[in-house]
Amino acid sequence: MTDQIGAPGLGISRRDFVAATAGVGTAAIAGCTAPDGGESVTDTTTAAKQSGLPTTSPPEVVDATEQGNQVTLKSVPAVHDVHPLDSMGGPVKLPRVWAFATEDGDPSVPGPIVRTEEGQDIEVTLDNTDGKRPHTLHFHGSQTAWEDDGVPTTTGIRVGPGEKHTYTIPANVPGTHLYHCHYQTQRHIDMGMYGIFRIDPKGYEPADKEYFMTVKDWDSRLNRSMAGEDVDYSPRTRNPDVFTVNGKSAPRTLHPEDGSPVIVEQGDTVRLHLVNGGYMNHPLHIHNHRFRMVEKDGGQIPAAAQHTMDITDMAPAERHTIEFQADADPGIYLMHCHKVNHVMNGTFYPGGMLSGVVYKDAMDSDIFGKLMDFAGYDA
């Protein structure tokens, strides 16, 4: 278990979080409701127990340099609780995903965040020995050898059930990138086979707070059909009904361990690595903070070309790294897609693709305690 609270990256410690929330008597309230009502977006079956599959965990950050620049990823069928409670339009569940996991790690959606340094090429082994269908791995950003591109149609390489294959991925394009399965891509990404690949440039200096966030839209009919439900699905008629930040929908996004709140302290420089893992554009907006985009798709943006803004529109597979100063009145500020119907759980608003910038000084407030109740956090 990591000692960090909040979104994956460099946040505050669990001890600091508990100290900051000591005055808030939060508890997991399975039946709490927000001021407005709404309908549940998915069936409330106990899919994990019925299927015998594991439930996903939050994505971990894997430092490849600490393990000899060798990483193993495998695909694990799992149940994905997007938001497990009936608060704020829940529960929201994907009863079947194909989650990535490391050799010793838990399955997660998104998959593990693979991090390395410029010049530290890595070997990534796709372990499909326990799999039931072919997969591949494709890494955006890095310039690889032809056979390591991960596209079975053009390389002739696919990793079938019972097989392993090792890809050599050069760390030659610094920045934030994306990896995903490129076999039957229209289905396998939507089943959860995607993650972040980060190459720190030489001499990289982390910010005071640094977080990774992947947004994604889902049509739950695919996941439900793969779990055996009698539903019709076609990628040609894809109609997303679930919207997530790091695999969770609000209010679960604000859960300090299972979700991805952006926890800051007054005066921090905050760096967010944003990735769009979905099939739609998502204009991401942060309340009360103006930020600069410093990287796009791994490309460094010269200082002369940077400007402050409060919304950045991300196309599918785009990566934006943004920076801002935590200089607002300490409080709780939303971060969300500004396609407002993406900020919903079924017919309930707010929900969906929404998280928040949370100041440590605001964590002992009553309103933060109520948010933690909705998110299901038990202090």
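Scroll up for the structure.
Anyway, here's the lowdown on the structure attached to this text. (Residues numbered from 1 in each chain as written. Predicted model: local features only at pLDDT ≥ 70, side-chain atom pairs only at ≥ 80, totals over all residues. Heavy atoms only, no water.)

Now for the sheet that holds strand β5 (residues 70-83). Read across the open sheet, the four strands follow the order β6-β5-β8-β10; overall the sheet is mixed. Edge strands, defined here as strands with exactly one partner in the open sheet, are β6 (92-102) and β10 (163-169). Going across the sheet, the axis of each strand differs from the next one's by a mean of 30°, ignoring polarity. Alignment of β5 against β6, held across nine bridges, turns out to be antiparallel. From the neighbouring strand, P77 faces β6, where its bridge partner is W98. (Pairing = 2+ DSSP bridges. Helix = DSSP H or I, 4+ residues; strand = E, 2+ residues; numbered from the N terminus. Axes fitted to C-alpha atoms, helices over the stretch in contact; angles between N-to-C directions.)

A few words on a negative patch on the surface. The grouping of E60, E103, D104 and D106 at the surface amounts to a negative patch. By the element assignment, D106 lies in the loop between β6 and β7 (113-117). (Patch = residues over 30% accessible without salt bridge, like charges linked within 9 Å, V, L, I, M, F, W, Y side chains within 5 Å. Areas by Shrake-Rupley, 256 points an atom, 1.4 Å probe, with all protein chains shown as cover. Salt bridge = Lys/Arg side-chain N within 4 Å of Asp/Glu carboxyl O. Lys, Arg positive; Asp, Glu negative; His and termini not counted. Charge placed at Lys NZ, Arg CZ, Asp CG, Glu CD.)

This paragraph deals with empty space enclosed by the protein. Over the atoms rolls a probe the size of a water molecule, and its path tells where empty space is left. Summed over all chains, the structure comprises two cavities of 30 Å³ or more. Taken as a whole, the largest cavity holds about 50 Å³ of empty space. Contributing to the lining of the largest cavity are M213, V215, V245, L274, L284, M335, H336, C337, M353 and S355. Elements that contribute at least two residues to the lining of the largest cavity include exactly β13 (209-218) and β23 (332-337). Broken down by element, the lining of the largest cavity gets its largest block of residues, three residues, from β23. Counted by class, the lining of the largest cavity contains eight nonpolar, two polar and no charged residues. (1 Å grid on protein atoms, 1.4 Å probe; cavity = no way out; pocket = protein on both sides within 12 Å on 5 of 7 lines; lining within 4 Å. Points joined across faces, edges and corners; volume = space filled by probe spheres on them. Nonpolar A, V, L, I, M, F, W, Y, C, P; charged D, E, K, R; others polar.)

This part is about the sheet that holds β7. The strand order across the open sheet formed by five strands is β4-β7-β12-β11-β9, and the pairing between neighbours is mixed. The strands lining the two open edges of the sheet, one partner per strand, are β4 (61-63) and β9 (138-139). Bridging between β4 and β7 involves three bridges; their strand directions are parallel. Across the sheet, D63 pairs through a bridge with R115, a residue of β7.

Looking now at the pairing of strand β17 (residues 282-286). Summarising burial for β17: five of the five residues are buried, a large majority. Of the two faces of β17, both are covered, the one formed by H282, L284 and I286 as well as the one formed by P283 and H285. Pairing of β17 with strand β21 (residues 311-314) involves four bridges; the strand directions are antiparallel. The partner of P283 across the bridge, within β21, is D313. Bridge count between β17 and β23: three bridges; the pairing is antiparallel. Its bridge partner being in β23, L284 is matched across the sheet by C337. (Buried < 20%, exposed > 50% of the residue type's maximum accessible area, 1.4 Å probe, protein only.)

Time to look at the environment of E118. Mapped onto the elements of the fold, E118 is located in the loop between β7 and β8 (122-128). Here the alpha-carbon distance between E118 and G175, two residues 57 residues apart in the chain, equals 9.0 Å. Not counting chain neighbours up to four residues away, the residues in contact with E118 comprise A171, P174, I199, D200, P201 and K202. Here the side chain of E118 touches K202 through a polar contact of 3.0 Å, landing on its backbone nitrogen. (Contact = heavy atoms within 4.5 Å. Polar contact = N/O pair within 3.5 Å; in protein donor to acceptor, adjacent residues only side chain to side chain.)

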